[in-house]
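A look at the structure
Given next are the chains, with one letter for each unit.
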Amino acid sequence: MLKLPIYLDNAATTPVDPRVLDAMLPYLKGEFGNPASGSHVFGQTAARAVARAREQVAALVNADVTEIAWTSGATESNNLAIKGAAYANIKRGKHLLTVATEHKAVLDTVQWLKTQGFEITVLNPESNGLISLSKFTEAIRDDTVLASVMLVNNEIGVIQDVAALGKVCHERGVLLHVDAAQATGKLTIDLATLPVNLMSLTAHKTYGPKGIGALYVRRAPDVPGAPIIGQMHGGGHERGLRSGTLATHQIAGMGECFRIAQAEMSIEIPRIRAQRDRLWRALCDINGVQLNGDLEARVANILNIGVSDCDMQLSQLTEVSISSASACTAGQASHVIAALGVDAAATMMRITVGRFNTNAEIDFAAQYLREKITGCRTRMAA
Ligand SMILES: *Cc1c(COP(=O)(O)O)cnc(C)c1O
C-alpha cells in the first residue's frame, strides 16, 4: 500500500536520513558538552565530533578543513559571504554582480547592500536559465569586487558553468561566491580545481537537519581581495568569521549527511534521474505542457514544468506534494520563471525527486498528475 500524500518537493527540503538522526542523537543526550570547553572530556568529545564533521563536509567539496566555517544554513552563508566580502574589500571597489535567478537570500542581500552605498548589477539569464559568458564578462567593471552565481538553480535545476565564470573572475581580480545549496550530493564539486572563493552549503537539502550549514572560504586567495569579515560578533568562534556556540548535534548531522552523499551519489543519481524521466515521459505529450530550463545542463532530481490554460491551485493536488516555485517565495509568482521570459501565465509545477521515493510512488504520481492536468485543460477548453 502506498502512503499518501507522496512527497515530491525534495528541493524545498529533504527528509532526514535515519543514519543522520542516529549520528546526531548522542550529542543531544550524554555527549552534550560545549566543543569549546577544552579542559574536560565533555568538551573534548564534542570537539572531536565537530572535527570529524568538518572533515566530512570538506571532503564532499574537496576543500581543506580550515576552509569550512559553520553557519545556520545557506541563507546565513550567503549573507556572510556577500556582506563579508563587500565590506572586506570596500577600498578596492563597491560594485557587486549577480543574476536575476539567484535565491532571495542572495538577491535581497545585494539589494540591501545597495541601500548602504554599494552598486549592483543583476544580470538576466538566457531563456534556458543559463548565463551568457560574454554578457557576464561585459558586466564586470574595474570596481567590481564580488560576483555571486549559484551552482544549481533551486526552481529549474539548471547548472551554471561556474568553472568558466570563475576563470573570468579570476582574470579580472573579482571574488566569486557560489550558492551550492542545491548542488551537494547532486553533482561532483571539486574546489581544488574550481576557481571559486566562497561557497554556501546547507544540510537540509541533502537529507540532513534544518538550521545548519557552512561557508567555504578559500584559504589562499587567488585574487587580490581580502576574503571576508565576520558579521556575527562574540566569542570569536570559527576564526572570528561566525561567533556562537557550535551546535554539535546539528554539525554531526551535517557531517553524516555529506558523508552519505559522497559515498552514495554515484548510485543514487542514476536512480533519481530515471524516476524523474519517468515522470516527464508521462506528462510531456500533454498539450500545453512545457519544460522549463536547459535540457542538458541540469541536475537529475528537478522537473519544472509550465502548464498553459490551466487554472489549477497546487493545493488541490492532495495526493502529491509538489510546489510551484521555491518554498521561500510561496504564494508569489516566481522571479526565476519571470527572468526566463517564458509563458508566466502558465501554472508552474516544480516536481523534485529524492532518495526515499519508490518506483511505485513515481508511477502513482505520474498517473495522478496526468489526470489532474488533462482534466484541468479539458475544463478550461469547455
Ligand atoms: C534552500 C536554499 C537556500 C536557503 O538555505 P537555508 O539553509 O534554508 O537557509 C539558499 N539558496 C538556495 C539555492 C536554496 O535552495
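This write-up is about the structure you can find in this document. Values in this document were obtained by computation on a predicted structure and should not be read as measured data.

So, how was this worked out
- Residue numbering note: each chain is counted from 1, following its sequence as written.
- Owing to the predicted nature of the model, reporting of local features is limited to residues with pLDDT of at least 70; listing and counting of side-chain atom pairs is limited to 80 or more, with chain, interface and lining totals taken over all residues.
- Excluded from the side-chain calculations are hydrogens and water; all other atoms, namely the structure's heavy atoms, are used.
- Strand pairing is defined by DSSP finding a minimum of two bridges between the two strands.
- Counting from the N terminus, the helices are the DSSP runs of H or I reaching at least four residues and the strands are the DSSP runs of E reaching at least two.
- Axis lines are fitted to C-alpha atoms, over the contacting stretch for helices. Their N-to-C directions set the angle, which ranges from 0 to 180 degrees.
- Residue contacts are counted whenever heavy atoms from the two residues lie within 4.5 Å of one another.
- Counted as salt bridges are all cases of a side-chain nitrogen of Lys or Arg within 4 Å of a carboxyl oxygen of Asp or Glu.
- Note on classification: 1.4 Å probe, protein chains only; a residue is buried when its accessible area is under 20% of the maximum for its type, exposed when over 50%, partly exposed between these limits.

**Overview of the sheet that holds strand β12 (residues 347–352)**
- What the three strands build is an open sheet, ordered β9-β10-β12; its pairing is antiparallel. One side of each edge strand has no neighbouring strand; the edge strands of this open sheet are β9 (289–291) and β12. Between one strand axis and the next, the sheet turns by 25 degrees as a mean value, whatever way the strands run.
- By the bridge criterion, six bridges tie strand β10 (residues 302–307) to β12 in an arrangement that is antiparallel. Looking at the pairing, valine 307 lines up with threonine 347 of β12.
- This element, helix α7 (residues 248–283), spans β9, β10 and β12 of the sheet and lies at about 15 degrees to β10.

**As for the side chain of lysine 83**
- By the element assignment, lysine 83 lies in helix α3 (residues 74–88).
- Those residues in contact with lysine 83 that lie beyond four places of it in its chain are Thr109, Trp112, Leu113 and Gln231.

**What to know about the pattern of salt bridges**
- Summed over all chains, the structure comprises 19 salt bridges.
- Across the pair aspartate 64 and arginine 219 runs a salt bridge whose closest N-O atoms are separated by 3.8 Å. In this pair, aspartate 64 is assigned in the loop between α2 (41–60) and β2 (68–71) and arginine 219 in the loop between β8 (213–217) and α7, connecting sequence segments 155 residues apart.
- Since its relative accessible area comes to 53%, arginine 219 is described here as exposed.
- Overlapping salt bridges bring together Asp17, Arg19, Glu264, Glu268 and Arg355 as one network.

These figures come from the coordinates and say nothing about function on their own.
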